[in-house]
Amino acid sequence: MRVTRALVALAVSFAALTTLAPGLASAPTLKGRAVWAHPGDAGTTEASVRAFVEQLARAHVNTIVMEVKTSAGLFWPSQGFAEAVVPRYRDFDFPAVLIREAHARNIQVHAWFFDFAEGADSPVVRQHPEWLALAPDGNPTTSEVLRGRPYRLAWMCPARRPGYTDQWLIPLIREFAARYDVDAIHHDYVRYPGDLAPDTYCFCDYCLRQVPAYASYFSQARPNDPLLGPMDRPHLEAHWERSPRVLPPNWEDYTREMKSRLLLEGSFFPGGHRDLDYFFYEYRTHQIAEFTRQVFEAIRAVKPRVEVSAAVFRNPVQSGRFIGQDWRRFARWVQYLMPMDYRSHFGGDFEGHLDLLAEAIQQQKVWARDFPHLWIGVAAYQLYDEERQPLVRLRALATAGSPVPPEMQPALREVSARVGRFDAALREAIGAYERTPVSGADLAAKLDAFLARPPAGYYPPEKLEKVLERVRAEGVEGVVVFSTSGLTSAGLWPTLGNFFGR
Ligand SMILES: [Zn+2]
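Conventions we followed
Residues numbered from 1 in each chain as written. Predicted model: local features only at pLDDT ≥ 70, side-chain atom pairs only at ≥ 80, totals over all residues. Heavy atoms only, no water. Helix = DSSP H or I, 4+ residues; strand = E, 2+ residues; numbered from the N terminus. Buried < 20%, exposed > 50% of the residue type's maximum accessible area, 1.4 Å probe, protein only. Donors = N, O, S within 2.8 Å, 3.2 Å for Na, K, Ca; no water. Tetrahedral: all angles 85-135°; square planar, octahedral: opposite > 155°, others 65-115°. Phe/Tyr/Trp six-rings, centres within 6.5 Å; stacked < 30°, edge-to-face > 60°. Lys NZ or Arg CZ within 6 Å of the ring centre and 35° of its normal. Contact = heavy atoms within 4.5 Å. Axes fitted to C-alpha atoms, helices over the stretch in contact; angles between N-to-C directions. Parallel < 35°, antiparallel > 145°, perpendicular 65-115°, else oblique. Nonpolar A, V, L, I, M, F, W, Y, C, P; charged D, E, K, R; others polar. Lys, Arg positive; Asp, Glu negative; His and termini not counted. Salt bridge = Lys/Arg side-chain N within 4 Å of Asp/Glu carboxyl O. Polar contact = N/O pair within 3.5 Å; in protein donor to acceptor, adjacent residues only side chain to side chain.

Explain unusual backbone geometry to me, please; I cannot follow it from the model alone.
Backbone geometry follows two general trends: most residues other than glycine have a negative phi, and most peptide bonds adopt the trans configuration. In the segment running from Tyr-201 into Cys-202, the intervening peptide bond is cis, with an omega of 10 degrees. Cis peptide bonds are those with omega within 30 degrees of zero, and the linkage from Phe-482 to Ser-483 qualifies with -10 degrees. Take Ser-483: it is sitting in the loop between β13 (478-482) and α16 (484-489). Of note in this structure, Asn-106 is not a glycine but carries a positive phi near 60 degrees. Along the chain, the position of Asn-106 falls in the loop between α3 (94-104) and β4 (108-114). In this structure Asn-106 comes out as exposed when scored by relative accessible area, which is 68%. Phi is positive for Ser-243, close to 50 degrees, though the residue is something other than glycine. For Ser-243, the location among the structural elements is in the loop between α6 (205-214) and α7 (256-265). On the basis of relative accessibility, which here comes to 32%, the residue Ser-243 falls in the partly exposed class.

Spelled out as structure tokens, the structure:
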């Protein structure tokens, strides 16, 4: 009886709610509904850009983070940096059209900059090789090899003045902010290189001078004084506050390699802990945070209402150590914090990822409490490694005519069962190749076709739904999905639209 009455009351109040506020059910609840996007996804005509923006509007996206500077160049017809403009964008004012079409549909635009990563052959690298970040051997990042291939990103020294930061990067960000009615500037690669050794960059001439100055390894006023005091305390390191001279007397005679080694492996006190690496990492995090301050001040000077967002790694304590990105220090200069909580940034399987994701968000809410907005970054396409990777590997094996190795068989069995629900002939061909690895070219072509245009539902939308629901359950203000092309190739726009529309 009591239950019935409660149910009736519930039904009545629900009815009241729906009649009193008819618009409520259709209004999206999540404040930030964003996507990261590549210019290629929007095309280079007014009509293609309009169609792209209309698709976003249908999916209830209200913020687009669009690349305007990558390692390939600039995607606007820049006046000040014309040589760096990607050729197709010299005559097409892409940001102007995008911003006009987006604003017409109440979608905000953040202009996405690759900050310190340049292309190996970009104009600035050719014109100013002295602005490159250098390893102790005097070589830039492009001299490295990664996974058997030449490393193609040229990382620039964030610290050097005058250098890349103040002569190139900040001026072009300022130009963009002044020229366009953009809502925010978006930082990416706002850090030191992460795929390469964290202890290697930067040891350019400027940094070799500035690290000792920054960490007060000598007094500028009395550069040769040892600044020693009585050793009257039980612990060696307890005598730190006089800032004794740390550099050896013949420091100037050290080579780049010797100086780098001392700055990384030396001790503040001879005979003490090897602790100078602390100051080296501190210098790097300071340089990156200082850059965010200078960008904020530069763009506010030309357009006071423009805001700043940033794509950052998920744990600022660790990224401070490894890539100079302790983003807690950006809080005054960045309004929208967008941690890239991509599945590839966590270990473990999909279910484990959901737990790790929730844990990361709980930590981020504490670390990001001084930021006005915390929007969680999710990579859609990467959720489907289980469905895609075995097929990609099989394609490589088939091209080479190699047999399927035993350790790959369980994953392949699972994925070919799934393939069979959409394409029985392809499943048959996979099975035939497993038994007899011949005529692989045929299978490779079939796999290419399947991967290029996977049947609707092959990538289970539940995975993206689960991740997005987990993010929402943590009570954050917004979500940023990477990326528009990934959503398209995995057929996930309806899934995103349903989630954002709720
Ligand atoms: Zn440097």
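Hey, could you run me through the coordination of the zinc ion in this one?
Distances from the zinc ion to its protein donors, namely Cys-157 (SG), Cys-202 (SG), Cys-204 (SG) and Cys-207 (SG), fall within the range 2.2 to 2.3 Å. Here the zinc ion is ringed by 4 donor atoms whose angles at the metal span 102 to 118 degrees, and the overall shape comes out tetrahedral. Of note, the zinc ion draws all its donor residues from one chain, in the sequence arrangement C-x44-C-x1-C-x2-C. Both residues of the pair, Cys-202 and Cys-204, belong to the buried class.

Is there a simple way to explain the packing of aromatic side chains in this structure?
Any aromatic ring pair is given by two values, namely how distant the centres are and how the planes are angled relative to each other. Applying the stated criterion across every chain, the model contains 34 aromatic pairs. Here Trp-112 and Phe-114 contribute two aromatic rings whose centre-to-centre distance is 6.1 Å and whose plane-to-plane angle is 45 degrees, an arrangement assigned as tilted. We note that Trp-112, like Phe-114, is buried. Where Phe-450 meets Tyr-458, the ring centres are 4.9 Å apart and the plane angle is 80 degrees; that geometry is what we call edge-to-face. With respect to burial, Phe-450 and Tyr-458 carry one shared label: buried. Each member of the aromatic cluster is reached from another via a ring pair, and the members are Tyr-381, Tyr-384, Phe-422, Phe-450, Tyr-458 and Tyr-459. The ring centre of Tyr-192 lies 4.4 Å from the NZ or CZ of Arg-284, which sits over that ring. The positively charged end of Arg-388 is found above the aromatic ring belonging to Tyr-381, 3.8 Å away from the centroid.

Looking at this structure, how should I read the environment of Leu-487?
Within the element layout of this structure, Leu-487 appears in helix α16. By relative accessible area, which is 0% here, Leu-487 ends up buried. Distance from Leu-487 to Glu-257, taken between C-alpha atoms, is 47 Å for residues 230 residues apart in sequence. Leaving out residues up to four positions away in the same chain, Leu-487 has contacts with Val-35, Ala-380, Leu-464, Val-481, Leu-492, Trp-493 and Leu-496.

Would you take a moment to explain the packing of helix α8 (residues 276-302) against helix α9 (residues 316-323) for this structure?
Here α8 crosses α9 at 105 degrees, and the two axes come no closer than 8 Å. When the interaxial angle is binned, α8 and α9 end up roughly perpendicular. Facing Tyr-281, Arg-284 and Thr-285 of α8, the residues of α9 in contact are Gly-320, Arg-321, Phe-322 and Ile-323. In terms of residue class, the contact of α8 with α9 is made up of 3 nonpolar, 2 polar and 2 charged.

Is there a simple way to explain the side chain of Glu-474 in this structure?
For Glu-474, the position within the fold is in the loop between α15 (461-473) and β13. Buried charge without a partner: Glu-474 forms no salt bridge, and the closest opposite charge is Arg-470, 4.8 Å away. A distance of 3.1 Å separates the side chain of Glu-474 from the side chain of Gln-362, its partner in a polar contact. When residues no more than four places from it in sequence are discounted, the contact partners of Glu-474 are Ala-358, Ile-361, Gln-362 and Lys-365.

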